[in-house]
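Tertiary structure, described
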Amino acid sequence: MNEFKPLPSLPPPASLTGVVGWLHKNLFSTPLYTILTLVVGYLVISSLIPVLDWAIFSANFTGNDRSACESGTGACWAFIGNRINIFAYGSYPAAEYWRLDICFALLVLSFGPQFFDKFPYKMWLGVFSLTGFPVICFYLISGGAFGLESIETGKWGGLALTLMLAYVGIVAALPFGIVLALGRRSEMPVIRTFCIAFIELWRGVPLISVLFMSSVMLPLFLPEGMNFDKLLRALIGITMFQSAYMAEVIRGGLQAIPRGQYEASKALGLSYWKSMGLIILPQALKLVIPGIVNTFIALFKDTTLVLIIGLLDILATVQASITDPEWGSVATEGYVFAALCFWVFCFGMSRYSQSLERKLHTGHKR
Amino acid sequence: MAMENASSNELAVQLVDVNKWYGEFHVLKNINLNVTPGERIVICGPSGSGKSTMIRCINRLEEHQKGKIIVNGIELTEDLKRIDEVRREVGMCFQHFNLFPHLTVLENCTLAPIWVRKMPKSEAVKIAMHYLERVKIPEQADKYPGQLSGGQQQRVAIARSLCMNPKIMLFDEPTSALDPEMIKEVLDVMVELAEEGMTMLCVTHEMGFAKLVANRVIFMDAGQVVEENEPHEFFDNPQNDRTKLFLSQILNH
Ligand SMILES: Nc1ncnc2c1ncn2[C@@H]1O[C@H](COP(=O)(O)OP(=O)(O)OP(=O)(O)O)[C@@H](O)[C@H]1O
Ligand SMILES: [Mg+2]
């Protein structure tokens, strides 16, 4: 009788390689694909040329008033350059810009390394960005301590304000959302009912009305003399609103964890909080990273609504500047610039979430 | 047999007239069971007869509504502290392993000793490696559960329970989700465990295993214990007609 001998393993067959191979395989493999490629290519190039011409080749980049842009047919980026400080810092006093610069540098320093897989102290940076960073920034920006001049929140604005609103909203909404999601699944009726009511209440009203209520209505209900900052009220409003959304996203993740995981952690003797913190939440949060980031991005863009309660975020400063008679019609440039700023940060969050997902991937679940 | 007159604090597990309902459905009916330390019990019966429910009551994954369950001298009640105490002494292996997919094999094993027993990490790792060697997969310690075969995963699950140094082990059909070739590697580990004197309650249809290690086989149907006997008598000379029918069905293919 023959003994069973497995066949030797062979290397996979060589596929089409090189640029020509790639082009052939992906763009020109059949006549239909070739036609599609040519048509789409033509459309892309023919629409890109005027855009590039407007944005770069015929654009004006320098100058201090409308005369700089009267000659060209392209974009008037000189306007952006001229107003960049207002867009970035709002009406924060120019002599104190360095404080915001430090905060911004800290932001870059504590999040930049997260994009590099090999960087060693990521965990500590993460802890810092959730604890030390907001505290340092708060004291730096508001002043009134350590010999820094106090600057009232009415002067905060521009991109700095947008980032601040979004950052606080994100950092606060995540833990609140987790607590609400756990509460909604709790077996204790009082807690469950409270969480459901909270979530459904905040999720059911538009953010604009939340902001309006927090700035106009709330002071009417507060006792005389008790008055807290408009920005703080907006922050609380945004946080409550976003926590409700976040809670539902996270609940979706909790729902997806098999019952066996709860049972195994119970059987090992883990308490409720330990099994949540060590077993259930790490898996649930990982599952819903795309949903969480989606919520963050929505929050980031929703911060523009603070305009209606008189806080001037980046979009508001742009809008105020484009009506300035010192410059001609620069509305397009202004909005394109604002859009670009938002896009850069949203895209950054999206990339970060993807790198996080790859890092946390631990093979197929069984 | 010892079961008649042993006093409760000598028993590893004692069930007295245990009844349980799922809503209107009476799933356990007057279950009485005494398990002395070191005893190995195999529980079998048709699907839906309440086997899982019964052993899950022993570490309170399910609540019973009537009767008494005493594990290791501790009676199970609403009291969370007692439940925790019982769970620390009782290990459990599931049909679908239920390993934690986001942790490595080693982390799966050290998690409970570190967080429940408050053991220093280095000691927990030492113990975990010891048990992983015993289930013969120390080389997989740094892999994730998703990268292991079913048989390997079940052995990790056994090692994970053993790391808590339990006095009693519960198995709920530990091999029924496995391919035939992997069943043996898991049963071998369980036989070894039995030979070392672990108290075991095991829901399984592996009759070879039952004959080899069990002191007693319990047959359940419709939420009741129908017959209970030592394995040779049970298989060769079943008393109840229901048992005979069941045995003829599982032994005939
Ligand atoms: N959570 C539950 N809610 C309602 N009924 C349940 C629940 N769990 C189990 N049951 C019912 O209780 C009965 C006993 O279930 P159990 O899982 O204990 O059976 P089993 O003997 O382990 O069966 P199997 O061999 O299929 O695992 C079954 O009829 C089942 O439908
Ligand atoms: Mg079962």
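Residues numbered from 1 in each chain as written. Chains lettered and ligands numbered in written order. Predicted model: local features only at pLDDT ≥ 70, side-chain atom pairs only at ≥ 80, totals over all residues. Heavy atoms only, no water.

Quick notes on unusual backbone geometry
Residues and elements named next belong to chain B. As a reminder, the rule being used: When accessible area is computed with a 1.4 Å probe and restricted to protein chains, residues below 20% of their type maximum are described as buried, those above 50% as exposed, and intermediate ones as partly exposed. Helix and strand definitions follow DSSP, with helices as H or I runs of at least four residues and strands as E runs of at least two, each counted in order from the N terminus.
You will see that N72, though not glycine, has its phi angle at about 60°, which is positive. Of the residues examined, N72 reaches a relative accessible area of 30% and is grouped as partly exposed. Its identity as a non-glycine residue notwithstanding, E173 has a phi of 45°, on the positive side. By the secondary structure assignment, E173 is in the loop between β7 (168–172) and α6 (180–195).

Overview of the pattern of salt bridges
Residue and element names in this part refer to chain A. Our working definition: We count a salt bridge whenever a side-chain nitrogen from Lys or Arg sits within 4 Å of a carboxyl oxygen from Asp or Glu.
Evaluated as defined, the whole model comprises 19 salt bridges over all chains. Between E200 and R184 there is a salt bridge, with its nearest N and O atoms 3.2 Å apart. Of this pair, E200 sits in helix α8 (residues 189–203) while R184 sits in helix α7 (residues 158–184); the two residues are 16 residues apart in sequence, bridging distant segments of the chain. Since its relative accessible area comes to 36%, E200 is described here as partly exposed. Relative accessible area serves as the criterion here: at 16%, R184 is assigned to the buried category. Salt bridges here are not isolated pairs; linked through shared partners, they connect R184, E200, R203, E248 and R251.

What about the domain arrangement of chain A?
Convention followed: Reported domain spans reflect what an automatic or database domain assignment gives.
Once the domains are mapped, chain A shows domain 1 (15–57) and domain 2 (79–92 + 151–360). Summarising the inter-unit geometry, the C-alpha centres of domain 1 of chain A and domain 2 of chain A are found 39 Å apart.

Re the interface of chain B and chain A
Keep this limit in mind: Whether two residues are in contact is decided by their heavy atoms, any of which lying within 4.5 Å being enough. Each of two parts loses accessible area, computed with a 1.4 Å probe, when they are put together; buried area is these two losses added. In protein, a polar contact means a hydrogen-donor-capable atom and an acceptor-capable atom, both N or O and within 3.5 Å, with residues adjacent in sequence counting only if both atoms are side-chain atoms; elsewhere, any N or O pair within 3.5 Å suffices.
Listed as interface residues are 27 residues of chain B and, on the opposing side, 20 residues of chain A. The junction of chain B with chain A conceals about 2100 Å² of combined surface from both sides, 62% of it contributed by carbon and sulfur atoms. Connecting chain B to chain A are 1 salt bridge. Linking R56 of chain B and E263 of chain A is a salt bridge whose minimum nitrogen-to-oxygen distance equals 2.7 Å. At the junction of chain B with chain A, the criterion picks out 6 residue pairs in polar contact (both at pLDDT 80 or more).

Focus on the site of ligand 1
Residues and elements named next belong to chain B. The following threshold applies: Any residue with at least one heavy atom within 4 Å of a molecule or strand is counted as near it. Ten residue types, Ala, Val, Leu, Ile, Met, Phe, Trp, Tyr, Cys and Pro, are classed as nonpolar, four, Asp, Glu, Lys and Arg, as charged, and the remainder, Gly among them, as polar.
In the region of ligand 1, the neighbouring residues are Y22, F25, V27, P46, S47, G48, S49, G50, K51, S52, T53 and E173. In the environment of ligand 1, an oxygen atom lies 3.2 Å from a nitrogen or oxygen atom belonging to the backbone of S49. Here an oxygen atom of ligand 1 and a side-chain polar atom of S52 are 2.5 Å apart. For the shell around ligand 1, the secondary-structure elements that each account for two or more residues are β2 (25–35) and α1 (51–58). Examining the composition of the shell around ligand 1, we find that 3 residues originate from one element, α1, more than from any other. Looking at the shell around ligand 1, its residues break down into 4 nonpolar, 6 polar and 2 charged.

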